[in-house]
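Read off the chains here:
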Amino acid sequence: MLSSARTATTHMTLRLWLLLMLLGLIWGGSFFFARVAVAHVPPFTLVLLRLGLAAIALHLYLRGNHGLYPALAARWREFLVMGLINNAIPHAFIFLGQTHIGAGLAAILNATTPVWTVLIANVATEDERLTAAKLSGCLLGLAGTVALIGPSALAGIFGAAGDVPLWALVLPVLAAVSYGLSATYGKRFRGLAPPVTAAGQLTASTIVMLPVAAFVDMPWTLPMPPLSAMLAILGLALVSTAYAYILFFRIMAEAGATNTSLVTLLVPPSAILLGYLFLGETLQAADIAGMALIAAGLAVLDGRILRSRSST
């Protein structure tokens, strides 16, 4: 999946920085769109609509090019696994969590994805072992997660009323773990054009979510959602999923995987800003402290700050 970045430059031009900030805003917007839509559409149906509409959009974009259909036929089992751990499971967990938590907090918890990716890769691969810097980054990121979840967990233990349920905070973290698994599993798709990988996994995950949404939510019995929710669903599927994939792979091809991974630092602030401006959300001191620890951990994992200081 990262093969398109072989000739990428490590120099980030102004244009690439602007594209990266746009991607951060778009992916931050996914938490905002989800928070609006999940108030009117059950989580499993929302996942189905997001994945299905995005899959259709990518099929129209590709129009069968890059060997899309032979790849779907030959590698459908791999796409099925990838669709489960990179789309269906994490999206369902995030949307279920967002029935009780805001867009900003969900984005912060999900920003631990690189931490879990490093830990999983250390166990599952031979070529990505933990270093002292990676371990430090993981510990900082995990400390930030504890800071975010800890107060709610303690409140639940002592029976405080009105607090966010612990499971609503844990689910976005489990989604991040699932994304970490997909990052390691996704290496087997390096020989495919990135948009084909995206279309394949979205197609497979749509097929998976169709019976789940039908059995659990029975969407045909639901009332028609308001216009705001329908627009949020379209934004979630077409902008924050289909277009975001295209933009993500374009940046990766030009800037490389490491530079592109910096988008993880941009998503929570975008989600927080949108939640504050349009949903009236606020963050507590523990939330801000947790975000700061996670951001520090991601910066250590990225390594460039440490390398630049050691070279001076």
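Labelled according to an unreviewed UniProt entry, the chain appears under the name Transmembrane component of ABC transporter, originating from Sinorhizobium fredii. UniProt's Subcellular location (unreviewed entry) comment on the chain is quoted here verbatim: "Membrane".

Student: Give me the lowdown on the overall build of the chain, citing residues and values where you can.
Tutor: Across its full length, the chain holds 14 helices and zero strands. Scored against the burial criterion, the 312 residues of the chain give a buried share of 50%. Of the contacts formed within the chain by residues at least 6 apart in sequence, a portion of 88% connects residues at least 24 apart. Carbon and sulfur atoms make up 71% of the accessible area of the chain, which amounts to about 14,500 Å² in all.

Student: Describe the pattern of salt bridges, with residues and values.
Tutor: For side chains bearing opposite charge, pairing can occur when the charged atoms are close. Within the structure shown, the criterion is met by three salt bridges. With a closest N to O distance of 2.7 Å, arginine 75 and glutamate 78 form a salt bridge. Across the pair glutamate 78 and arginine 188 runs a salt bridge whose closest N-O atoms are separated by 4.0 Å. Within this pair, whereas glutamate 78 is found in helix H4 (residues 76–97), its partner arginine 188 is found in the loop between helix H8 (166–185) and helix H9 (194–216), the two being separated by 110 residues in sequence. Linked by salt bridges that have partners in common, Arg75, Glu78 and Arg188 make up one network.

Student: If you had to explain the side chain of threonine 206 to someone new, which residues and values would you point to?
Tutor: For threonine 206, the location among the structural elements is in helix H9. When its relative accessible area of 17% is taken as the criterion, threonine 206 is described as buried. Here threonine 206 is in contact with Leu48, Leu51, Gly52 and Ala55, once residues within four sequence places are set aside.

Student: Lay out the packing of helix H5 (residues 103–110) against helix H12 (residues 263–278) with the relevant residues and their values.
Tutor: Running from N to C, H5 and H12 point in directions that differ by 170°, and their axes come no closer than 7 Å. Classified by the interaxial angle, the pair formed by H5 and H12 is roughly antiparallel. Where H5 approaches H12, its residues Ala103, Gly104, Ala107 and Ile108 are matched on the opposing element by Val267, Pro268, Ala271 and Ile272. Split into classes, the residues belonging to the contact of H5 with H12 amount to seven nonpolar, one polar and no charged.

Student: Quick one: what's the story with the packing of helix H1 (residues 14–37) against H5, residue by residue and with numbers?
Tutor: Remark: H1 packs on H5, axes separated minimally by 9 Å, with the N-to-C direction vectors making an angle of 130°. Between H1 and H5, the crossing angle belongs to the class labelled oblique. Here the hand of the crossing between H1 and H5 comes out right-handed. Within the contact between the two elements, H1 uses Phe31, Phe32 and Arg35 and H5 uses Ala103, Ala106, Ala107 and Asn110. Partitioned by chemical class, the residues of the contact of H1 with H5 number five nonpolar, one polar and one charged.

Student: Before we move on, could you go through the nonpolar core and cite the residues and values that matter?
Tutor: Formed by 84 residues in total, the largest nonpolar core has its most connected members in Phe31, Leu46, Leu58 and Leu109. When sequence neighbours within four positions are dropped, the list of residues in contact with leucine 46 reads Ala34, Ala37, Val38, Val41, Phe95, Ile233 and Leu236.

Student: Lay out the environment of alanine 286 in plain terms, naming residues and giving numbers.
Tutor: Along the chain, alanine 286 turns up in helix H13 (residues 285–302). Residue classification places alanine 286 among the partly exposed positions, given a relative accessible area of 31%.

Student: I'd love a proper account of H12, names of residues and values included.
Tutor: For H12, spanning 16 residues, the distance from its first C-alpha to its last is 22 Å, which sits close to the expected 22 Å at 1.5 Å a residue. All of the buried residues along H12 are Val263, Thr264, Val267, Pro268, Ser270, Ala271, Ile272, Leu274 and Gly275.

Student: Quick one: what's the story with the side chain of serine 205, residue by residue and with numbers?
Tutor: Tracing the backbone shows serine 205 in helix H9. Within the structure, serine 205 has its side chain in polar contact with the backbone oxygen of leucine 202 (distance 3.1 Å).

Student: I'd like a description of the environment of alanine 103, backed by residues and values.
Tutor: One can find alanine 103 in helix H5. Overall, the relative accessible area of 0% leaves alanine 103 in the buried class. Those residues in contact with alanine 103, other than ones at most four positions away along the chain, are Phe31, Phe32, Arg35, Gln98, Ala271 and Glu281.

Student: Can you explain the packing of aromatic side chains? Please cite residues and give values.
Tutor: Two aromatic rings, taken as a pair, are described by how far apart their centres are and by the angle between their planes. The full count for this structure, using the stated rule, is seven aromatic pairs. Aromatic pair phenylalanine 32 and phenylalanine 33: ring centres 5.7 Å apart, planes at 50°, arrangement tilted. One exposure class covers both phenylalanine 32 and phenylalanine 33, and it is buried. For the ring pair phenylalanine 79 and phenylalanine 189, a centre distance of 5.3 Å and an interplane angle of 15° mean the geometry is stacked. Here phenylalanine 79 is found in helix H4, whereas its partner phenylalanine 189 is found in the loop between H8 and H9, with 110 residues between them in sequence. Assigned by exposure class, phenylalanine 79 and phenylalanine 189 land together as buried. Ring-pair connections join several aromatic residues into one group, and the members of that group are Trp27, Tyr245, Phe248 and Phe249.

What counts, and at which threshold
- Residues numbered from 1 in each chain as written.
- Predicted model: local features only at pLDDT ≥ 70, side-chain atom pairs only at ≥ 80, totals over all residues.
- Heavy atoms only, no water.
- UniProt positions renumbered as here; feature names shortened; annotations may be inferred.
- Helix = DSSP H or I, 4+ residues; strand = E, 2+ residues; numbered from the N terminus.
- Buried < 20%, exposed > 50% of the residue type's maximum accessible area, 1.4 Å probe, protein only.
- Contact = heavy atoms within 4.5 Å.
- Areas by Shrake-Rupley, 256 points an atom, 1.4 Å probe, with all protein chains shown as cover.
- Salt bridge = Lys/Arg side-chain N within 4 Å of Asp/Glu carboxyl O.
- Axes fitted to C-alpha atoms, helices over the stretch in contact; angles between N-to-C directions.
- Parallel < 35°, antiparallel > 145°, perpendicular 65-115°, else oblique.
- Nonpolar A, V, L, I, M, F, W, Y, C, P; charged D, E, K, R; others polar.
- Left-handed = near helix turned anticlockwise from the far one by under 90°.
- Core = buried A, V, L, I, M, F, W, Y, C linked by side-chain atoms within 4.5 Å.
- Expected span 1.5 Å × (residues − 1).
- Polar contact = N/O pair within 3.5 Å; in protein donor to acceptor, adjacent residues only side chain to side chain.
- Phe/Tyr/Trp six-rings, centres within 6.5 Å; stacked < 30°, edge-to-face > 60°.

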